[in-house]
Amino acid sequence: MHVCVIGAGVVGLATAYSLQQAGHQVTVVDRAAQAAAGASGGNGAQLSYAYVQPLAEPGIWKQLPKLLLAADSPLKFRLQADPQQWSWGLQFLGACNATTSAASTQALLNLAAESRQVFEAMLARESLDCDHHTPGKLVLYPTQAALDSAARQVALQAQLGGPAQQVVDAAAVARLEPALGHYAPRMAGAIYTPSESAVDCRKLCEQLARLLAQRGARFCYFTTVEGYEVQGGTITALHSNQGRITADHFVLASGWESAAQARRLGLHVPVYPLKGYSITVDAAHTPAAAPRISVTDTTRKVVFARIGERLRVAGMVEIVGRNQQIDASKIASLQQSTREVFPDLPLGAEVQPWTGMRPATPTGLPITGRKQGGPANLWLQTGHGALGLTLAFGSAQRLAQQMEKV
Ligand SMILES: Cc1cc2nc3c(=O)[nH]c(=O)nc-3n(C[C@H](O)[C@H](O)[C@H](O)COP(=O)(O)OP(=O)(O)OC[C@H]3O[C@@H](n4cnc5c(N)ncnc54)[C@H](O)[C@@H]3O)c2cc1C
């Protein structure tokens with residue numbers, strides 16, 4: 001079969017890889033000049049197999065006033081004249097309950113474990129230069145109460161079959177990660193997960209695209225999908241600024257823009273952009289000042305991951321519509337967090353500011369498969385939210401398996 005994948009982000013490329021492995025002919029379409037032009041380009045770099053708890057969790061109700069009103073809040077909401085935002089927001093609040101959150105956590109843990117297996121098997125098969133490593137992760141908590149609450153989540157996840165995790169005190173944090181030596185006295189402790197990995201998502205996408213093309217996949221860059229030709233309940237072609245593109249099946253993997261694409265086909269797909277930011281700091285000359293272990297600072301809601309000789313620092317969740325401009329104050333805030341947590345790491349003038357849009361569903365669960373009422377040969381592969389890098393390969397395998405059945 002000939003399958004056309006719309007979107008050359010990590011989710012589209014992982015899917016294209018699985019489909020090619022299954023013997024299909026693949027065309028990848030993207031409006032950008034190269035792979036990873038969207039959210040996959042500068043994300044937090046963490047393969048977060050153990051930390052899958054969705055944003056929609058019951059505790060959000062208590063934190064909401066502070067999160068929404070505090071000037072330095074990592075969560076920002078700006079009401080738009082946009083029914084998509086209102087509908088998404090209401091569904092999100094509806095998902096902030098213990099039952100939905102636990103069910104989503106279980107489903108995400110399963111998908112993450114599957115994803116890890118598929119991804120690591122692929123890495124063992126192919127030789128991709130993408131700074132993949134397994135340094136473990138420390139999630140830092142400022143107070144004993146916060147650490148105790150995290151320990152309860154660890155116990156819950158252990159029951160659900162999640163990876164091994166340990167509760168460690170501040171002194172152990174400094175021993176495990178000497179670069180946190182200055183900061184350790186300001187925390188109660190951390191959850192340490194030795195099995196967590198990190199990878200440069202942009203490099204991974206570039207390498208996957210190269211591999212796919214070498215094996216016969218066709219890449220159509222500078223190609224914006226503008227519409228669909230549908231006959232008898234089947235898509236016969238895409239309409240793009242470069243002309244018609246035909247295929248037997250079409251996979252919609254356009255990140256946060258999948259919702260608008262689906263609307264062209266009369267379908268409602270509850271995916272909304274959650275804007276975030278990152279900076280990338282050169283640590284080549286001061287390797288000991290940057291952490292080896294991935295770190296999440298829950299006080300600042302910022303994640304740090306070492307990728308090669310660089311440190312990726314990412315954070316912020318903004319529900320502010322579709323504006324993709326970089327807000328300089330957010331970059332300054334990430335720089336400030338980096339200075340506080342890793343004071344020995346010099347931040348040069350070049351910190352590579354970046355912004356991206358997480359393609360989020362209200363529950364945090366991605367959408368993989370056909371949509372009821374939609375064209376028979378349209379496959380959704382979207383809504384991976386804050387975990388697209390982590391979940392891409394599991395979702396890709398699931399979609400390829402579903403397609404095998406047609
Ligand atoms: C700040 C931040 C930190 C993050 N950290 C992590 C992390 O540490 N770990 C993790 O697992 N996840 C993380 N994520 C989430 C992850 O980056 C995303 O879930 C993932 O990149 C989504 O991949 P995607 O392929 O679905 O979308 P994208 O990467 O956005 O790709 C979509 C592609 O579709 C193309 N496209 C869109 N519309 C059209 C059209 N009409 N025609 C043609 N092409 C089109 C775009 O050009 C784009 O290339 C983070 C995200 C952000 C923003």
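Starting from 1, residues in each chain are numbered consecutively following that chain's sequence as written. In keeping with the predicted nature of the model, local features appear solely for residues at pLDDT of at least 70, side-chain atom pairs appear and are counted solely at 80 or more, and the whole-chain, interface and lining totals rest on all residues.

**Some words on the site of the ligand**
Alright, step 1. Being near a molecule or strand means, for a residue, that its backbone-placed C-beta atom lies within 6 Å of it. Every one of the 42 residues lining the ligand counts as a neighbour, but Gly9, Gly38, Gly44, Gly276 and Gly388 are closest to it.
Alright, step 2. A run of H or I in DSSP counts as a helix once it spans at least four residues, and a run of E counts as a strand once it spans at least two, with each numbered from the N terminus. The set of elements that each furnish at least two residues to the shell around the ligand consists of helix 1 (10–21), strand 14 (272–282), strand 18 (354–360) and helix 10 (388–404).
Alright, step 3. Residue polarity is assigned by list, with Asp, Glu, Lys and Arg as charged and Ala, Val, Leu, Ile, Met, Phe, Trp, Tyr, Cys and Pro as nonpolar; anything else, Gly included, falls into the polar class. When grouped by side-chain class, the residues that make up the shell around the ligand number 17 nonpolar, 21 polar and 4 charged.

**Here's the deal with helix 7 (residues 201–214)**
Alright, step 1. The end-to-end C-alpha distance of helix 7 is 20 Å, a good match for the 20 Å that 14 residues give at a rise of 1.5 Å each.
Alright, step 2. Whether a residue is buried, exposed or partly exposed is read from the other C-beta atoms within 10 Å of its own C-beta, which are placed from the backbone; 20 or more gives buried, 12 or fewer gives exposed, and intermediate counts give partly exposed. What helix 7 keeps buried is the set Cys201, Arg202, Leu204, Cys205, Leu208, Ala209 and Leu212. The arc that holds the buried residues of helix 7, viewed along the axis, is 160°, so those residues lie on one side.
Alright, step 3. On its buried side, helix 7 packs onto helix 1, strand 2 (25–29), strand 9 (218–220) and helix 10.
Alright, step 4. In the segment just after helix 7, glycine 216 is the residue with positive phi, at about 105°. A helix is expected to span 1.5 Å multiplied by its residue count minus one. As used here, the arc belongs to the directions running from the helix axis to the C-beta atoms. Once C-beta atoms have been placed from the backbone, residue pairs whose C-beta atoms lie within 7 Å are recorded as contacts.

**Thoughts on the sheet that holds strand 11 (residues 234–240)**
Alright, step 1. At least two bridges found by DSSP between two strands is the condition for calling them paired. The strand order across the open sheet formed by 3 strands is 10-11-12, and the pairing between neighbours is antiparallel. Strands with a single pairing partner mark the edges of an open sheet, and in this sheet they are strand 10 (225–231) and strand 12 (243–245). Strand-to-strand twist across the sheet, computed as the mean angle between neighbouring axes with direction ignored, equals 30°.
Alright, step 2. Here strand 10 pairs with strand 11 via 6 bridges, running antiparallel. Pairing of glutamine 231 across the sheet is with threonine 234, part of strand 11. Working convention: axes come from line fits to C-alpha atoms, limited for helices to the stretch in contact. Angles between N-to-C directions cover 0 to 180 degrees.

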